[in-house]
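Analysis of the macromolecular model
Each chain is listed here by its residues.
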Amino acid sequence: MTRRRISILGSTGSIGRNALEVVRRNPGRFSVAVLASRSNVSLLREQIAEFQPELAAVYDDAAAAELRAATPGCEVVAGAAGLEEAAAKKVDTSLCAVVGAVGLKPMLTAINAGNRVAVANKEPLVMAGAHIMEQARGKNVEVLPVDSEHSAIFQCLRGNQSKDVERVHLTASGGPFYGRPPEELRHITPEQAMRHPTWDMGAKVSVDSATLMNKGLEIIEALCLFGLRSTQIEVVIHPQSVVHSMVAFCDGSIIAQLGVTDMKAPIAFALNWPERLPAPAMRLDVTSLSELTFDRPDEKSFPCLALAREAAEQGGCAPAVLNGANEEAVEAFCAGRIGFLDIAAVVENVLATCPIPREYTIDAVLEADHEARINAAATIKTLEQ
Ligand SMILES: NC(=O)c1ccc[n+]([C@@H]2O[C@H](COP(=O)([O-])OP(=O)(O)OC[C@H]3O[C@@H](n4cnc5c(N)ncnc54)[C@H](OP(=O)(O)O)[C@@H]3O)[C@@H](O)[C@H]2O)c1
């Protein structure tokens, strides 16, 4: 078995830590060439000591200086340029697992370096998915999904042709508040929103799951990863989180992928691709399943889903505007500046008022992201409690 060289951008986060657990439990399979994080020096220092990468990147300058002093055997780079350097290192697979739009440039850089990319960091795909996929095709580089739903769709599609796909059922747990009326959602705190019922994830994706924006972002992610039309994607609320998604084909067959809620499984699948090797994930006991339910989502109480669909249908830079506004709104919510329901209100207002560039280039996407954030900041000010 050949040893895989990998880089992990976002190694101290929930996905990054799970990926290192996959490495740890498969001795001899992977060599970790690069680790990158924002500011968590203490954990990164431990990871460097254990995995001995050639290069480590920390976004925060002060954190980089502290790390350099603590790990003399490892080259440490800093800032946005450092993250770019980390992404540019030639490896077999780059796991893109930072959170948010900051991951867009490094993802493109990793592709340009000829690295296969395993994508957990969905926001760049939402902002510039068509561009990323085109660049990957140009470089003959594979883009592999890590998001459990997209990994499921990818696995269901194996051995089939995309022309035969009728529809994709994208499953959603519904998050911690599904089924509650809007008046009950008004006073949700960041701590409550970050406590997901079935998945253990980072703060931003947990809040996105609670508003259902995560599912909206995933619709856009699926459109570009699998070349689907938005009318082919149906979101279904599946609180048990056992079926990670399903693909319905033109002959009436539906293929589903099932498993436990453990991100190590889709991470291992992507890192081992095209082989399927034993994963350190828990096994699903199908005899323990008493019921699997699938309902239509309530878009009235959870308007983020409809907003994301609207941006997807507009296309071009509209998803980048949606994403930029959402990132700002989630940050303001987590800082206690706005309420839970204000997240959707900010995104809706920004989508309605922010000028959306007509052209679709990386510069236009970055400009749209920038304008959306300015617009969102102004909207947040008017809502501040
Ligand atoms: N967690 C899940 O189960 C899950 C499932 C599906 C998809 N995803 C997606 O995967 C991505 C990561 O999610 P997560 O839950 O792992 O997030 P997380 O726990 O918040 O971790 C984010 C990681 O990115 C690093 N980071 C943030 N900003 C950075 C920057 N400017 N430069 C370099 N590193 C930076 C963080 O470093 P510090 O620790 O130093 O801040 C951390 O290592 C998100 O896009 C999310 O939507 C996550």
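Residues numbered from 1 in each chain as written. Predicted model: local features only at pLDDT ≥ 70, side-chain atom pairs only at ≥ 80, totals over all residues. Heavy atoms only, no water.

For any two helices packed against each other, the geometry is given by the interaxial angle and the distance between the axes. Relative to each other, helix H6 (residues 122-139) and helix H16 (residues 362-383) sit at 180 degrees, their axes nearing to 10 Å. Judged by the inter-axis angle, H6 sits roughly antiparallel to H16. Every residue of H16 that contacts H6 at Met 127, Ala 128 and His 131 is listed here: Ile 362, Val 365 and Asp 369. Grouping the amino acids of the contact of H6 with H16 by side-chain chemistry returns 4 nonpolar, 1 polar and 1 charged. (Axes fitted to C-alpha atoms, helices over the stretch in contact; angles between N-to-C directions. Helix = DSSP H or I, 4+ residues; strand = E, 2+ residues; numbered from the N terminus. Parallel < 35°, antiparallel > 145°, perpendicular 65-115°, else oblique. Contact = heavy atoms within 4.5 Å. Nonpolar A, V, L, I, M, F, W, Y, C, P; charged D, E, K, R; others polar.)

Once that is clear, we can look at the site of the ligand. Surveying the vicinity of the ligand reveals 25 residues, the closest of which are Thr 12, Ser 39, Asn 40, Glu 123 and Asp 147. Here Ile 15 contributes a backbone N or O atom positioned 2.9 Å from an oxygen atom of the ligand. Within the complex, 92% of the 900 Å² of free accessible area of the ligand lies under protein. Put simply, the parts of the chain that give the shell around the ligand at least two residues each are helix H1 (14-24) and H6. In terms of residue class, the shell around the ligand is made up of 11 nonpolar, 10 polar and 4 charged. Of the domains in this structure, domain 1 (4-145) and domain 2 (147-261 + 283-299) are the two that each give at least three residues to the shell around the ligand. (Near = heavy atom within 4 Å. Polar contact = N/O pair within 3.5 Å; in protein donor to acceptor, adjacent residues only side chain to side chain. Areas by Shrake-Rupley, 256 points an atom, 1.4 Å probe, with all protein chains shown as cover. Domains from an automatic or database assignment.)

Pairing is parallel across the open sheet formed by 7 strands, whose spatial order is E4-E3-E2-E1-E5-E6-E7. Since the sheet does not close on itself, it has two edges, and those belong to strand E4 (75-78) and strand E7 (143-145), each with one partner. Across the sheet, the mean angle from the axis of one strand to that of its neighbour is 20 degrees, orientation sign disregarded. With 4 bridges joining them, strand E3 (residues 55-58) and E4 adopt parallel strand pairing. Bridge pairing links Ala 56 to Val 76 in E4. Where helix H3 (residues 61-70) meets the sheet, its contacts fall on E3 and E4, and the angle it forms with E4 comes to roughly 170 degrees. Contacting strand E1 (4-9), strand E2 (30-37), E3, E4 and strand E5 (93-96), helix H4 (residues 79-88) runs over the sheet at an angle of about 130 degrees to E4. (Pairing = 2+ DSSP bridges.)

Looking now at the pattern of salt bridges. Applying the stated rule across the entire model yields 22 salt bridges. Residues Arg 4 and Glu 275 are paired through a salt bridge, measuring 3.8 Å at the closest nitrogen-oxygen approach. With Arg 4 in strand E1 and Glu 275 in the loop between helix H12 (264-272) and helix H13 (304-314), this pair connects stretches of sequence that are 271 residues apart. Residue Glu 275 is classed as partly exposed on the basis of its relative accessible area of 33%. As a salt-bridge pair, Arg 167 and Glu 234 come within 3.4 Å of each other at their nearest N and O atoms. Taken together, the residues Arg 167 in strand E8 (residues 165-172) and Glu 234 in strand E9 (residues 233-237) connect sequence positions 67 residues apart. When its relative accessible area of 32% is taken as the criterion, Arg 167 is described as partly exposed. Among the charged side chains, a network of salt bridges with common partners joins Lys 122, Asp 147, Glu 149, Lys 215 and Glu 218. (Salt bridge = Lys/Arg side-chain N within 4 Å of Asp/Glu carboxyl O. Buried < 20%, exposed > 50% of the residue type's maximum accessible area, 1.4 Å probe, protein only.)

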